[in-house]
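The lines below spell out each chain.
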Amino acid sequence: MGQSQLVDKLRDLARNLWWVWQPNVIALFRELDPDLWHKVDHNTVEYLKRLPTEQLERRATDMALDSRIDYAFRRLSEYLKDTDSWGAVHASILRSRPVAYFSAEFGLHESLPIYSGGLGVLAGDHLKSASDLGIPLIGVGLLYAQGYFRQVLDAQGWQQELYLNTNLDLLPIESVIGSDGQPLKIAIETATGVLKAKIWRVEVGRTTLLLLDSNLPENSESDRALTARLYGGDARVRIRQELLLGVGGLRALRALGINPSVLHLNEGHSAFATLEMIRAVMESTGLPFGEVMRDVAGMTVFTTHTPVAAGHDRFPAGLVEEHLRKIREGLHLSYDDFMGLGRVNSGDHNEPFCMTVLALKLSRYANGVSALHGVVSRRMWRPLFPNLTEENVPIGHITNGVHVQTWVAPQMSLLFDRHLGVDWPRDQRLPETWEGIETVDDAELWETKQVLKARLINFVRTRLVLQARRRNEPDAAVQKAMEALDLNALTIGFARRFATYKRAGLILQDVARLTELVKSTDHPVQIIFAGKAHPEDRMGKELIQGIVRMTRQEQFFNRIVFVEDYDMNVGRSLVQGVDVWMNNPRRPQEASGTSGEKAILNGTLNFSVLDGWWAEAYDGTNGFAIGNSLTHAVPSVQDERDHRSLLETLTNQVIPLYYRRDASGLPRDWIARQKKAFRTLAWRFNADRMVMDYVRHSYLPAAGGVSCVMLRG
Ligand SMILES: *Cc1c(COP(=O)(O)O)cnc(C)c1O
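Only a predicted model underlies this, so the values are computations on that prediction, with no experimental measurement involved. (Residues numbered from 1 in each chain as written. Predicted model: local features only at pLDDT ≥ 70, side-chain atom pairs only at ≥ 80, totals over all residues. Heavy atoms only, no water.)

### Some details on the site of the ligand
Consideration 1: Contacts to the ligand come from 13 residues, most closely from Gly118, Trp407, Thr594, Ser595 and Lys598.
Consideration 2: A distance of 2.6 Å separates an oxygen atom of the ligand from a polar atom in the side chain of serine 595.
Consideration 3: Between lysine 598 and the ligand, the recorded distance is 2.6 Å, taken from a side-chain N or O atom to an oxygen atom.
Consideration 4: Surface burial for the ligand is 93%, taken as the share of its 390 Å² of free accessible area covered by protein chains.
Consideration 5: Broken down by secondary-structure element, the contributors of at least two residues to the shell around the ligand are helix H8 (118–133) and helix H25 (595–600).
Consideration 6: Grouping the constituent residues of the shell around the ligand by class yields 4 nonpolar, 5 polar and 4 charged.
Consideration 7: When residues of the shell around the ligand are assigned to domains, at least three map to each of domain 2 (93–400 + 692–711) and domain 3 (424–682). (Near = heavy atom within 4 Å. Polar contact = N/O pair within 3.5 Å; in protein donor to acceptor, adjacent residues only side chain to side chain. Areas by Shrake-Rupley, 256 points an atom, 1.4 Å probe, with all protein chains shown as cover. Helix = DSSP H or I, 4+ residues; strand = E, 2+ residues; numbered from the N terminus. Nonpolar A, V, L, I, M, F, W, Y, C, P; charged D, E, K, R; others polar. Domains from an automatic or database assignment.)

### With respect to the domain arrangement of the protein
Consideration 1: Domains assigned within the protein are domain 1 (3–81), domain 2 (93–400 + 692–711) and domain 3 (424–682).
Consideration 2: A C-alpha centroid distance of 33 Å is found between domain 2 and domain 3.
Consideration 3: Contacts between the two partners involve 35 residues from domain 2, matched on the other side by 39 residues from domain 3.
Consideration 4: Of the roughly 3,000 Å² buried between domain 2 and domain 3 on both sides combined, carbon and sulfur atoms contribute 57%.
Consideration 5: Of all residues in domain 2, Gln151, Leu153 and Trp158 bury the most surface against domain 3, accounting for 22% of the area lost on that side.
Consideration 6: Residues glutamate 161 and lysine 541 are paired through a salt bridge, measuring 2.8 Å at the closest nitrogen-oxygen approach. (Contact = heavy atoms within 4.5 Å. Buried area = accessible area lost by both parts, 1.4 Å probe. Salt bridge = Lys/Arg side-chain N within 4 Å of Asp/Glu carboxyl O.)

### Re the sheet that holds strand S18 (residues 580–583)
Consideration 1: Read from one edge to the other, the open sheet built from 6 strands follows the order S17-S16-S15-S18-S19-S20, with strand pairing classed as parallel. Either end of the sheet is taken by a strand with one partner, and the two such strands are strand S17 (560–563) and strand S20 (624–626). For this sheet the average axis-to-axis angle between neighbouring strands, irrespective of direction, equals 20°.
Consideration 2: The pairing of S18 with strand S19 (residues 605–609) spans 4 bridges and is parallel. Considered in S19, the bridge of methionine 582 is made with phenylalanine 607.
Consideration 3: Against the sheet, helix H20 (residues 442–470) engages strand S15 (490–495), strand S16 (525–530) and S17, with an angle of about 70° to S17.
Consideration 4: The strands that helix H27 (residues 635–659) touches are S15, S16, S18, S19 and S20; relative to S20, the one it contacts most, it runs at about 165°. (Pairing = 2+ DSSP bridges. Axes fitted to C-alpha atoms, helices over the stretch in contact; angles between N-to-C directions.)

### Focus: helix H5 (residues 53–62)
Consideration 1: Within the span of H5, buried status applies to Leu56, Glu57 and Ala60. Along the long axis of H5, the arc covered by the buried residues comes to 95°, so they all point the same way. Facing away from the buried side of H5 by more than 90 degrees, the exposed set consists of Glu54 and Asp62.
Consideration 2: Positive phi appears at alanine 64, one or two residues downstream of H5, with a value of about 55°. (Buried < 20%, exposed > 50% of the residue type's maximum accessible area, 1.4 Å probe, protein only. Arc of directions from axis to C-beta.)

So, in structure tokens, the structure goes:
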């Protein structure tokens, strides 16, 4: 193979995010220059730009990497051409007209910072599984120039938010070019001027993601900054972002000649897309609003993620009119009738315009993201369906799942290759696939997990050193960070958004008891915390500060630690390396949660409140439960009960099971539980199963329903 050809192949590999879930390709990139790989935060585009070509070629030859590069490139080409997919058989009617999947954020990899947390990671995992399964689906989102903030903590443990400008030249994105050779743009007319955006394209395996970007010279200064930050602005910024996502997103698809058969709204942010769809069909067919609205609702799938009433996006009618008046006129609706689309009581002028209400009124297929969240959503939105009983409210559920190959550690994946059969990724949704885990030798599973734990401890120490240096702590303190954590201690991970209902401080409430647990000479416990608080959330920041203060107390020092700047990289290291993944939200406020699903794949046991996905997953033998399924109406009482249960379960179940060793030093009962978790959970809580559920229960019926729009059009 010629050298320049080799570099071209690496560039192609770098520009399709397929590599993100290929451990062999990741290893290939890393081996070219491990230090630089780390420095660029695993950004393949920046990496290749900073690696001088001759050095790259020399390394590739020295390390005999050229045949591996060739092989990786061939695998990508074959993957892209593969026609023998599940989707080719089961979703062929989507082939000519794909699903359009709208989301305000997409978490695909830490180097593409257009996500804040769970919602985005779920959307990213959805695209990856759609690609693996060969489902014709196209993602629509926004390109945030600064992404979500980077978190650093000051000497007092107070969260500071850093907004760094992303260098777009260093992202795996391509500008979409129109037939005139110029960047393709879309425009939206509002009462206060025209808003324009250009379009970027990201390749995610066989799936394409389109990202709208308002940073154009022809926009006003404030509009240029519209897509700067994720969830960054006031109501006006938010409605303009959502206008861009929904209306702009649909126009971008149309500008590219894509006529989707299904609109999938991942959360209500993008619900304006339905109105734009109706407007466009009315314009081309001349049919009346009511009829077209029924057809468009018939092609729309809405996934709600918010079990808390206050968490749903709501806008004052004036803001809605300012931004959607043109569209309203296209729909031939009066002001009142239009506003009614976003109100539970259509005629109630005092009700703000709610994006979730709009989405529910304009989608025939609505779902929550776990069985329990389905129940909660039906109860919450019952007032929208006054003639139905609660159980008949048309909101079902499809439980979230995670993209297995993104979240499983390479070492664990190798173990699967040998014991589950090499086709396990393709057959991951079948229970039989995971039965092979019982044939893994206990010692081998344990050692694999120890390797992952050692890697995590290394990772955390490096981060703690960096954190201490940044705070200008004395050298002695920086040195001490290199001794943080103990490979042999039971290690609990807790990483999530610091929203109040997630109760990050629950385990810390009884300092005396916690001291006993941490300081125990024969059965010690250690905890790794990570997570961001929303910039406006004082209470969340106080929670973080409280934890950081505890980490500095003598008895907890280097045994309870806080890793700053939780992102997909930190998340991956944590779920792969810790022994126990703890989650203690105030039930039933966790719609699903997915981090615990990532844990399963790595032999990490869940220790969680029976909320979200865990409420339907826990069977008494595949992890640990905090509390029971009862909820007390008074939150402080519930908190007290859950705190007691957490300590009881930890003391009476988790710790004894972990430390009970046989003559060879193995915790046999613990390992049995890890295997039980793999076997009972991995086939259910993965994104392939989730996407297939969407195809069968939502996409296919929705695509069938919409053909009438087309026929008439
Ligand atoms: C998986 C993930 C989440 C979502 O996890 P939850 O269980 O919902 O808390 C959030 N942030 C990151 C970075 C993740 O990787």
